[in-house]
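Geometric and topological summary
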Amino acid sequence: MRFARSKRVLRLKTIDSCFEDLKDSRLVEETFTVDEVREMLDGLQAVVRGEVETELINTAHTNVLLLRQLFSQAEKFYLRLQTDISELENRELLEQVAEFEKTDFKTTDKTNQETSKPKLAPLNEGGVSELLNKEITRLQEENDKLKARLRTLESQAMSALDEKTKAERALKDLQKVQGEQQLAAHSQEINSLEDTVAALKEDYERSLSVNAASQKDLQENLISSKHELLRVQEQLALAEKELEKKFQQTAAYRNMKEILTKKNEQIKDIRKRLQRYEPNE
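What counts and how
Residues numbered from 1 in each chain as written. Predicted model: local features only at pLDDT ≥ 70, side-chain atom pairs only at ≥ 80, totals over all residues. Heavy atoms only, no water. Helix = DSSP H or I, 4+ residues; strand = E, 2+ residues; numbered from the N terminus. Areas by Shrake-Rupley, 256 points an atom, 1.4 Å probe, with all protein chains shown as cover. Expected span 1.5 Å × (residues − 1). Buried < 20%, exposed > 50% of the residue type's maximum accessible area, 1.4 Å probe, protein only. Contact = heavy atoms within 4.5 Å. 1 Å grid on protein atoms, 1.4 Å probe; cavity = no way out; pocket = protein on both sides within 12 Å on 5 of 7 lines; lining within 4 Å. Points joined across faces, edges and corners; volume = space filled by probe spheres on them. Nonpolar A, V, L, I, M, F, W, Y, C, P; charged D, E, K, R; others polar. pLDDT = per-residue confidence, 0-100. Salt bridge = Lys/Arg side-chain N within 4 Å of Asp/Glu carboxyl O. Patch = residues over 30% accessible without salt bridge, like charges linked within 9 Å, V, L, I, M, F, W, Y side chains within 5 Å. Axes fitted to C-alpha atoms, helices over the stretch in contact; angles between N-to-C directions. Parallel < 35°, antiparallel > 145°, perpendicular 65-115°, else oblique. Left-handed = near helix turned anticlockwise from the far one by under 90°.

1. Notes on the overall build of the protein chain
Assigned secondary structure in the protein chain consists of six helices and zero strands. Counting from the amino terminus, helix and strand elements in the protein chain follow one another as α-α-α-α-α-α. Total accessible area computed for the protein chain in this model is approximately 25800 Å², and 56% of it derives from carbon and sulfur atoms.

Below is the structure:
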């Protein structure tokens, strides 16, 4: 508060000096035109604006540095700070701060107020050691809990490993028994398959012998059928010859043959006549 007050007082004196400079440098005549007054006010406005802006920026940066120091100290002692931005615009609290500033900086009661106002207890070496000891104790407790948890996990892991070993041994025994049973079952299946193959082979050989006999009978039947066919064909040929011979001996056949002979003679005679009348053709 004192630092901020001193900076504010210094900046106000600077602003006052700006006005005094204007009075001493420009207000030397009794009358001024409107443009001259406007020019003087504009110049004064720029100077005052610059001073106020510089003060505001400087105040903001100073507050940032102050908060940074507080946060660094809090981080060093493992403190957790919380801020409420809405309280910065609390009018009641701002008035209390203003009242505190007025009371604190009264020159008449300054000595009495220095002795009566409450102060925060400084963090001495004893306080730092106590915080560090508490933190060390907390870390040791967490470490002990982690060690106990680790021992529990190790015992659980050993138990799981033993159970796994037992399970693997039981699995091997079971696989061995199952292997013997499967081997016996496979042997029975092989013997059964061998018997089945032998029976099929016997049936196949029997069917082959039967087929061979049947094929021989069929061949004999085919040969006899061919002979019978040749004999029948020969008989048919003889019958046709006899039938043709009998037909030639009939009166109708003789008459037909005579008619055909006469017709042939007539055709030959007509051709000769045509050749005689038409020799060029």
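2. Digging into helix α2 (residues 34-76)
Counted at 1.5 Å a residue, the expected span for α2 with its 43 residues is 63 Å, and the 63 Å between its end C-alpha atoms agrees. Taken together, the buried positions of α2 are Met40, Leu44, Glu51, Glu55 and Ala74. Tucked inside the fold, the buried residues of α2 contact α1 (2-26). Tyr78 sits one or two residues past α2 and shows a positive phi near 60°.

3. A closer look at the layout of surface pockets
A water-sized probe, rolled over the atoms, reveals where empty space remains. Each pocket or cavity is described by its volume, and for the second largest pocket that value is around 200 Å³. Taken together, Leu67, Leu70, Phe71, Leu81, Thr83, Asp84, Ile85 and Leu88 form the lining of the second largest pocket. Residues of the lining of the second largest pocket, tallied by class, amount to six nonpolar, one polar and one charged.

4. Remarks on the confidence of the model for the protein chain
Looking at the protein chain as a whole, the pLDDT averages 78, with 88% of positions reaching at least 70. Ranking the elements of the protein chain by mean pLDDT puts helix α4 (residues 110-116) last with 50 and α2 first with 84. Between residues 119-126, whose pLDDT stays under 50, and residues either more than four places distant or in other chains, the model counts two contacts.

5. Focus on the pattern of salt bridges
Summed over all chains, the structure comprises five salt bridges. Of the charged contacts in the structure, one is a salt bridge between Arg138 and Glu142, with a shortest N-O distance of 2.8 Å. Here the residue Arg138 and the residue Glu142 both occupy positions in helix α5 (residues 125-248), the gap between them amounting to four residues, near one helical turn. A salt bridge links Glu228 to Arg231, with the shortest nitrogen-to-oxygen separation between them at 2.0 Å. Remark: Arg231 and Glu228 occur in helix α5; sequence separation between them is three residues, near one turn of the helix. Among the residues examined, Glu228 registers a relative accessible area of 38% and is labelled partly exposed. Given a relative accessible area of 38%, Arg231 falls into the partly exposed group. Members of the salt-bridge network, linked through shared partners, are Glu202, Asp203 and Arg206.

6. What to know about a nonpolar patch on the surface
Together, Leu66, Leu67, Leu70, Phe71, Leu79 and Leu81 line one region of the surface with nonpolar side chains, adding up to about 550 Å² of accessible area. Relative to the helices and strands, Leu67 is located in helix α2.

7. Observations concerning the packing of α1 against α2
Packing of α1 against α2 leaves a shortest axis separation of 11 Å and a crossing angle of 170°. As summarised for this structure, α1 and α2 are arranged roughly antiparallel, according to the angle between their axes. By crossing handedness, the relation of α1 to α2 is classed as right-handed. Of α2, the residues touching α1 (which contributes Phe3, Lys7, Arg8, Arg11, Thr14, Ile15, Cys18, Phe19, Leu22 and Arg26) are Glu39, Met40, Leu44, Val47, Val48, Glu51, Val52, Thr54, Glu55, Asn58 and Thr62.

8. Looking at the side chain of Glu55
Summarising the element assignment, Glu55 is placed in helix α2. Under the relative-accessibility criterion, Glu55 is labelled buried at 13%. Leaving out residues up to four positions away in the same chain, Glu55 has contacts with Lys7, Arg8 and Arg11.

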